[in-house]
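An overview of the molecular structure
Here is what each chain is made of, one letter per residue.
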Amino acid sequence: MANTKLFSAVHPFKPISVNKVLKRVKRKGFIYKLVKMVEIDEKVHLFQFERDDRILHCIYFDPEEMGYEYGVLFVESDESYHTFLIQLFGSGRYAEMTMDVYLDLDQPVDIRAKIVQVYEGQNSSPICHIYGQKMWHDHAFIVANRDALVELRGAIDVALEHDESRVVFFPSDGEGYDLYIKQVDEDFDWEKIELPYHDRDAYIPEGKEGSPQQLFERYKKNFRK
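Described below are features of the structure shown in this document.

Definitions and limits used
- Residues numbered from 1 in each chain as written.
- Predicted model: local features only at pLDDT ≥ 70, side-chain atom pairs only at ≥ 80, totals over all residues.
- Heavy atoms only, no water.
- Helix = DSSP H or I, 4+ residues; strand = E, 2+ residues; numbered from the N terminus.
- Buried < 20%, exposed > 50% of the residue type's maximum accessible area, 1.4 Å probe, protein only.
- Polar contact = N/O pair within 3.5 Å; in protein donor to acceptor, adjacent residues only side chain to side chain.
- Contact = heavy atoms within 4.5 Å.
- Pairing = 2+ DSSP bridges.
- Axes fitted to C-alpha atoms, helices over the stretch in contact; angles between N-to-C directions.
- Phe/Tyr/Trp six-rings, centres within 6.5 Å; stacked < 30°, edge-to-face > 60°.
- Salt bridge = Lys/Arg side-chain N within 4 Å of Asp/Glu carboxyl O.

**Let's talk about the overall build of the protein**
The helix and strand tally for the protein stands at four helices and ten strands. For the protein, the N- to C-terminal ordering of α and β elements is β-α-β-β-β-β-α-β-α-β-β-α-β-β. Principal axes of the C-alpha set define a box for the protein whose edges measure 60 × 40 × 35 Å. A total of 225 residues make up the protein; the buried ones form 37% of that total.

Next comes the structure, spelled out in structure tokens:
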């Protein structure tokens, strides 16, 4: 796990073959330097970019399907994620996808299998309602179909291995949402975050507690204001 990183996927809105990726990053004003390319196989290519002595990786995947006819790009999820994508494609020329995967860059033989696995998981229909506690001692409920429960189990396994994970669910009205899962240490200071009760007639945070999103190091980019 020494070189394991979290990658998030985007779908370009214009053709982007491997050659065009290489050509585009050479244009004037692009602040990332391509320093390495590894062809894992004919459908999967790993790119390594450098800026200010920081390395960023991305992986181009060509599923050859009309739904993603311009390919899928998995980009290392760090603080430069959005800057890199805007530099690469331009604003509004790509869509962020709900596909996350942890990849060990020292094990390229496993990269394709894991990317294909997470890609094929997009075909499921995970419907899940989560009803939290209104106040202390109140009940909480998870009502979900089998697809959602299987994905939740997988996301918990990922969090147990890598500390953080995300899974995308849909309520019955089809309005998708992200569920973030964080594993904390046994000595975690629970007073750092507010209690989960959502009935403001029963519980109002005092203001010194923080939001749970502050705990997620790998998903900081998702909580931009």
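That covers the picture; the talk isn't over yet.
**A look at the side chain of Ser8**
Inspection of the secondary structure assignment puts Ser8 in strand S1 (residues 4-12). The class for Ser8 is buried, based on a relative accessible area of 2%. At a separation of 2.9 Å, a polar atom in the side chain of Ser8 contacts the side chain of Asp100. Ignoring any residue separated from it by four or fewer positions in sequence, one finds Ser8 in contact with Leu73, Phe74, Val75, Ser77, Tyr81, Met99, Asp100 and Lys221.

**Here's the deal with the pairing of strand S5 (residues 72-76)**
Moving residue by residue along a regular strand, the side chains alternate between the two faces of the sheet. In terms of residue burial, S5 counts as a mostly covered element, since five of its five residues are buried. Both faces of S5 are covered, namely the face carrying Val72, Phe74 and Glu76 and the face carrying Leu73 and Val75. The sheet contact formed by S1 and S5 spans four bridges and is antiparallel. Each bridged residue has a counterpart across the sheet, and for Ser8 the counterpart in S5 is Val75. Inspection of the sheet shows strand S4 (residues 54-61) paired to S5 by four bridges, in the antiparallel sense. Bridge pairing in S5 places Cys58 opposite Val75.

**What about the sheet that holds strand S6 (residues 94-104)?**
With antiparallel pairing, the six strands of this open sheet are ordered in space as S2-S3-S4-S5-S1-S6. Each having just a single partner strand, strand S2 (33-41) and S6 make up the two edges of the open sheet. Strand-to-strand twist across the sheet, computed as the mean angle between neighbouring axes with direction ignored, equals 25°.

**A closer look at the packing of aromatic side chains**
For the coordinates displayed, the defined rule picks out 13 aromatic pairs. Measuring from ring centre to ring centre gives 5.1 Å for Tyr32 and Phe84, while their planes differ by 85°; the resulting arrangement is edge-to-face. Taken together, the positions of Tyr32 in the loop between helix H1 (18-24) and S2 and Phe84 in helix H2 (residues 81-89) put the pair 52 residues apart, joining distant regions of the chain. Phe84 carries the same exposure label as Tyr32, and that label is buried. Ring centres 5.7 Å apart and planes at 65° place the aromatic pair Tyr180 and Phe216 in the edge-to-face group.

**Comments concerning the pairing of S4**
Among the eight residues that make up S4, six are buried, leaving the element largely enclosed by the rest of the structure. Of the strand pairs in this sheet, strand S3 (residues 44-51) and S4 are connected by eight bridges, and their pairing is antiparallel. The residue bridging Gln48 from the neighbouring strand is His57, located in S4. The hairpin formed by S3 and S4 contains two residues between the paired strands, and Asp52 there has a positive phi angle of roughly 55°.

**Focus on the pattern of salt bridges**
This structure, assessed with the given rule, holds nine salt bridges. We note a salt bridge from Lys5 to Glu76, for which the minimum N-O separation is 3.9 Å. Here Glu76 lies in strand S5 and Lys5 lies in strand S1, a separation of 71 residues in the sequence. The partner of Arg166 in a salt bridge is Asp178, and the shortest N-O contact between them spans 3.2 Å.

**So, the environment of Gly132**
Structurally, Gly132 can be placed in the loop between strand S7 (128-131) and strand S8 (141-144). Excluding residues within four positions of it along the chain, Gly132 makes contact with His139, Ala140 and His198.

**Some thoughts on the side chain of Lys43**
Here Lys43 lies in the loop between S2 and S3. Apart from residues no more than four positions distant in its own chain, Lys43 is found in contact with Tyr60, Phe61, Asp62, Glu64 and Arg112.

**Some thoughts on the environment of Tyr32**
A relative accessible area of 5% places Tyr32 in the buried class. Taking the C-alpha atoms as reference points, Tyr32 and Phe49, separated by 17 residues in sequence, lie 5.9 Å from one another. Polar side-chain contacts of Tyr32 include one of 3.5 Å to the side chain of Arg51.

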